[in-house]
Amino acid sequence: MHYYEKQYDVIVVGAGHAGCEAALAAARMGCSALLLTINLDAVALMSCNPAIGGLAKGHLVREIDALGGEMGKNIDATGIQFRILNTRKGPAVRASRAQADKQQYRLRMKTVLERQPNLDLKQGEVTALVVEQGVVTGVETKVGLRFSGATVVITTGTFMRGLIHVGLTNYPGGRAGDLPSIGLSDQLRDLGFRVGRLKTGTPARLDGSSINFSLLEPQQGDDPPAPFSFSNRVIEQSQVPCHIAYTNERSHDIIRAGLDRSPLYSGIIQGVGPRYCPSIEDKVVRFPEKIRHQSFIEPEGRDTVEVYPSGLSTSLPVDVQIAFYRSIVGLERVEIMRPAYAIEYDYVDPIQIHASLETKLIANLYHAGQINGTSGYEEAAGQGLMAGINAALRSRGREPLVLRRDEAYIGVMIDDLVTLGTTEPYRMFTSRAEYRLLLREDNADLRLREHGHRVGLLAEKEYEEFMVKQEHIATELARLKSTKILPSDISPATVEAYGLHDLQNAVTFEELLRRPEVTYEDLARIDPDFAGVPREVREQAEIQVKYRGYIERQQLEVERSIKMEGTKLPVEIDYDAISGLTGEVREKLKVHRPDTLGQAGRIPGMTPAALAVISLTLKARGGA
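Rules of the game
- Residues numbered from 1 in each chain as written.
- Predicted model: local features only at pLDDT ≥ 70, side-chain atom pairs only at ≥ 80, totals over all residues.
- Heavy atoms only, no water.
- Helix = DSSP H or I, 4+ residues; strand = E, 2+ residues; numbered from the N terminus.
- Rg over C-alpha atoms; globule rule 2.2 N^0.38 Å.
- Buried < 20%, exposed > 50% of the residue type's maximum accessible area, 1.4 Å probe, protein only.
- Contact = heavy atoms within 4.5 Å.
- Areas by Shrake-Rupley, 256 points an atom, 1.4 Å probe, with all protein chains shown as cover.
- Lys, Arg positive; Asp, Glu negative; His and termini not counted.
- Charge placed at Lys NZ, Arg CZ, Asp CG, Glu CD.
- Pairing = 2+ DSSP bridges.
- Axes fitted to C-alpha atoms, helices over the stretch in contact; angles between N-to-C directions.
- Parallel < 35°, antiparallel > 145°, perpendicular 65-115°, else oblique.
- Left-handed = near helix turned anticlockwise from the far one by under 90°.
- Nonpolar A, V, L, I, M, F, W, Y, C, P; charged D, E, K, R; others polar.
- Domains from an automatic or database assignment.
- Salt bridge = Lys/Arg side-chain N within 4 Å of Asp/Glu carboxyl O.
- Polar contact = N/O pair within 3.5 Å; in protein donor to acceptor, adjacent residues only side chain to side chain.
- Expected span 1.5 Å × (residues − 1).
- Arc of directions from axis to C-beta.

Visitor: When you look at the overall build of the protein chain in this model, what are you seeing that I'm missing?
Guide: If you tally the helices and strands in the protein chain, you get 20 helices and 22 strands. Radius of gyration (C-alpha) of the protein chain: 26 Å, near the 25 Å computed for a compact globule of 624 residues. Projected onto its principal axes, the C-alpha positions of the protein chain cover 85 × 75 × 50 Å. The 624 residues of the protein chain split such that 57% are buried. Contacts in the protein chain between residues far apart in sequence, at least 24 positions, make up 73% of those at least 6 positions apart. Looking at the protein chain as shown, the accessible area adds up to about 26000 Å², and 52% of this sits on carbon and sulfur atoms. The centroid of the 74 positive side-chain charges in the protein chain is displaced by 2 Å from the centroid of its 81 negative side-chain charges.

Dropping the structure here:
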């Protein structure tokens, strides 16, 4: 074993979306960081859908950007189609999504990593952790190199003991074309971690030149496209269309006829798959009443003919895949460039990590991404960012940054994982957030910029721009509240158009804007002074005025819950010694080892009576 001479503050294992954010965060905070990956040509590679964002996932990307992460900037620079989803619904559930040029996304992220001061990027397969007296002190690679580090972040994605399935054929792989990681999950199991098995899959990549797009329904992006990053004002590159295709009864018959050779239905695959992103054979079996399933045919880039048929992932044999894809209208002559496949991989039960993402069993060791049971680039990147931040803070002897459920979707996701665990790939949804009216995409910077600046991650220029925006919003809200208008000053046409006949006395512009039918554009028609307000300031002012009652109600709920969230449970607490707890509650508490009383309250089966007993015990001991 050769000992590398450099000592690092933070070592990151794996350069997927979690690893990239973790390594950049640590380096930008001034730590010496090392990013190790099996293949330097696959940094930030989109293994599945060539897209960023979507419902709830767009919220995560905006939060990553608000804290000082890179994902939002990367997709803004390499996106080829941008859309806002749920535009007809309220602001809490609107979400951004963008198709990426898959290769440009990867290449730009690699360039950012290579140019980042304090960060070394190296190719190497980590086969073991170096652990001394319960503390991780470095890693060892397959070629016999040992790297020493004060902290280690594991972001292995689907690579730990990855096994690829195509029909009844299977072979080891971290994803198609890449070797798996062997040895690391065995060591984690030996160290006492509960290691499980999950499964995910991806569609075939099709040759776009063999598709008759005239028979498909085109889908254009938004005009103008809206950026993800709060630091960007416009998207300068041109956009390309996607197309919509549909399966049919013949497609479904082909799938049913091939189920006897499906690894999913023949019992070969043992891992649990994603409930909310099932394979096409799973859809056909589970929803036999549906006569068709929709697929977006998405280009993988400007300079390639490869396209991605979303929603059509499968692990059926290649001959069945060919027949199935060619049964779709417009795809009758389609050629498969890369077969679809399923992949099984190891993950570690996330209830074994703290909310900081540090493991409970090994100090200074952090887990982020699919090793924690999640699914999706955005979920991985959010965890990677937080793990990188907290590993950097730990190396400096500082307290970790833990985002509450009312502060960020990232906080909701991590709390769900560490409190509830998961036995299937975890995906973020807006419905998981009880305070989603507070956690909108549009206000992610108002919620999180201060955190990013405080930990030293956010660039000073970006923080200064944020402060100016914050001041403009406060000024605009004050102007709306103080500026009045007489009914006689409003044109008869405007009165008629917006039903303002009931106005008798002078009203403030805030009162006008509170009306559901009145928008900021309408105010500008009444008073031209409102026309020059920047879009992002206008958006915040309108939302805060129209939804004030609902927002204030949720903020009161947050205030009531913060006391429990702030009540820490001692690491050494002996639940067997607390009288008044049932045997079932004791077992749950010993397995989950919650960090706070609030976390304990979210463990399934935990009762108010049990929480009261624990709270009284802490008070008696002077701990609360």
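Visitor: Hey, could you run me through unusual backbone geometry in this one?
Guide: In most cases, non-glycine residues show a negative phi, while peptide bonds are predominantly trans. Here the residue pair Asp223 and Pro224 is connected by a cis peptide bond, since its omega of 5° sits within 30 degrees of zero. One non-glycine residue, Arg161, lies in positive phi territory at about 55°. Owing to a relative accessible area of 32%, Arg161 belongs among the partly exposed residues under this scheme. One non-glycine residue, Arg593, lies in the positive phi region at around 45°.

Visitor: Sorry if this is basic, but what is going on with the sheet that holds strand S11 (residues 169-172) here?
Guide: Across a sheet, paired strands are connected by hydrogen bonds in the backbone, their directions being either parallel or antiparallel. An order of S11-S10-S19-S12 is seen for the 4 strands of this open sheet, with the pairing classed as antiparallel. Each edge of the open sheet is held by one strand with a lone partner, namely S11 and strand S12 (195-202). Looking at each pair of strands side by side, their axes are set apart by 25° on average, direction ignored. Bridge count between strand S10 (residues 163-166) and S11: 4 bridges; the pairing is antiparallel. The residue bridging His165 from the neighbouring strand is Asn170, located in S11.

Visitor: Just to check I follow, could you spell out the pairing of strand S2 (residues 33-37) for this structure?
Guide: Side-chain positions along a regular strand alternate between the two faces of the sheet. For S2, a buried count of 5 out of 5 residues is recorded, marking the element as mostly surrounded by other parts of the structure. Burial along S2 is two-sided: the face carrying Ala33, Leu35 and Thr37 and the face carrying Leu34 and Leu36 are both buried. Bridging between strand S1 (residues 2-13) and S2 involves 4 bridges; their strand directions are parallel. Bridge assignment links Val13 to a residue of S2, and that residue is Leu36.

Visitor: Honestly, the packing of helix H3 (residues 71-78) against helix H4 (residues 102-115) in this entry has me stumped. Any pointers?
Guide: Packed helices, taken two at a time, are described by their axes: the angle between them and the distance between them. The N-to-C vectors of H3 and H4 enclose an angle of 130°; their axes lie 9 Å apart at closest approach. What the angle tells us is that H3 and H4 run oblique. H4 is crossed by H3, and the crossing has right-handed handedness. Counted together, Met71, Lys73, Asn74, Ile75, Ala77 and Thr78 of H3 and Gln104, Tyr105, Arg108 and Met109 of H4 form the full contact between these two elements. Residues belonging to the contact of H3 with H4 are distributed by class as follows: 5 nonpolar, 3 polar and 2 charged.

Visitor: What should I look at first to understand the side chain of Gln540 in this one?
Guide: With respect to the helices, strands and loops of the structure, Gln540 is situated in helix H16 (residues 535-546). Residue classification places Gln540 among the buried residues on the basis of a relative accessible area of 0%. If sequence neighbours within four positions are ignored, Gln540 has contacts with Arg440, Asp442, Asn443, Leu446 and Ile473.

Visitor: Looking at this structure, how should I read the domain arrangement of the protein chain?
Guide: What the domain assignment lists for the protein chain is domain 1 (2-201 + 345-454), domain 2 (460-551) and domain 3 (567-622). Here the C-alpha centre of domain 2 lies 40 Å away from the C-alpha centre of domain 1. Each side of the interface is counted separately: domain 1 has 13 residues, and domain 2 has 15 residues. Across the domain 1-domain 2 interface, the total number found is 2 salt bridges. Measuring nitrogen to oxygen at the nearest pair gives 2.8 Å for the salt bridge that ties Glu462 to Lys73. Connecting domain 1 to domain 2 are 5 residue pairs in polar contact (both at pLDDT 80 or more). The biggest single contributor to the side of domain 1 that touches domain 2 is helix H11 (residues 444-454), with 5 residues.

Visitor: What is the right way to look at H4 in this model?
Guide: Helical periodicity: at 3.6 residues per turn, an α-helix aligns residues three or four positions apart in one direction. With 14 residues, H4 ought to run about 20 Å at 1.5 Å a step, and its terminal C-alpha atoms sit 20 Å apart, in line with that. Listed in full, the buried residues belonging to H4 are Lys102, Tyr105, Arg106, Met109, Lys110, Val112 and Leu113. Buried residues in H4, looked at end-on, bunch into an arc of 160°, giving them a common side.

Visitor: Could you clarify how one ought to interpret the pattern of salt bridges in this entry?
Guide: For the structure on display, the rule yields 43 salt bridges. One salt bridge connects Glu300 with Arg205, and the closest N-O pair in it is separated by 3.0 Å. Taken together, the positions of Glu300 in the loop between strand S16 (294-299) and strand S17 (306-309) and Arg205 in strand S13 (residues 205-207) put the pair 95 residues apart, joining distant regions of the chain. The pair Glu300 / Arg205 is uniform in exposure class, with both members buried. Bridged by salt links that share partners, the residues Arg405, Asp415, Asp416, Glu434 and Arg602 form one connected network.

Visitor: So what exactly am I meant to see when it comes to the pairing of S12 here?
Guide: Of all 8 residues that make up S12, 6 are buried, and the element is covered over most of its length. Sheet analysis places S12 next to strand S19 (residues 341-348), joined by 8 bridges and oriented antiparallel. When the sheet's bridge partners are listed, Thr202 is paired in S19 with Tyr341.

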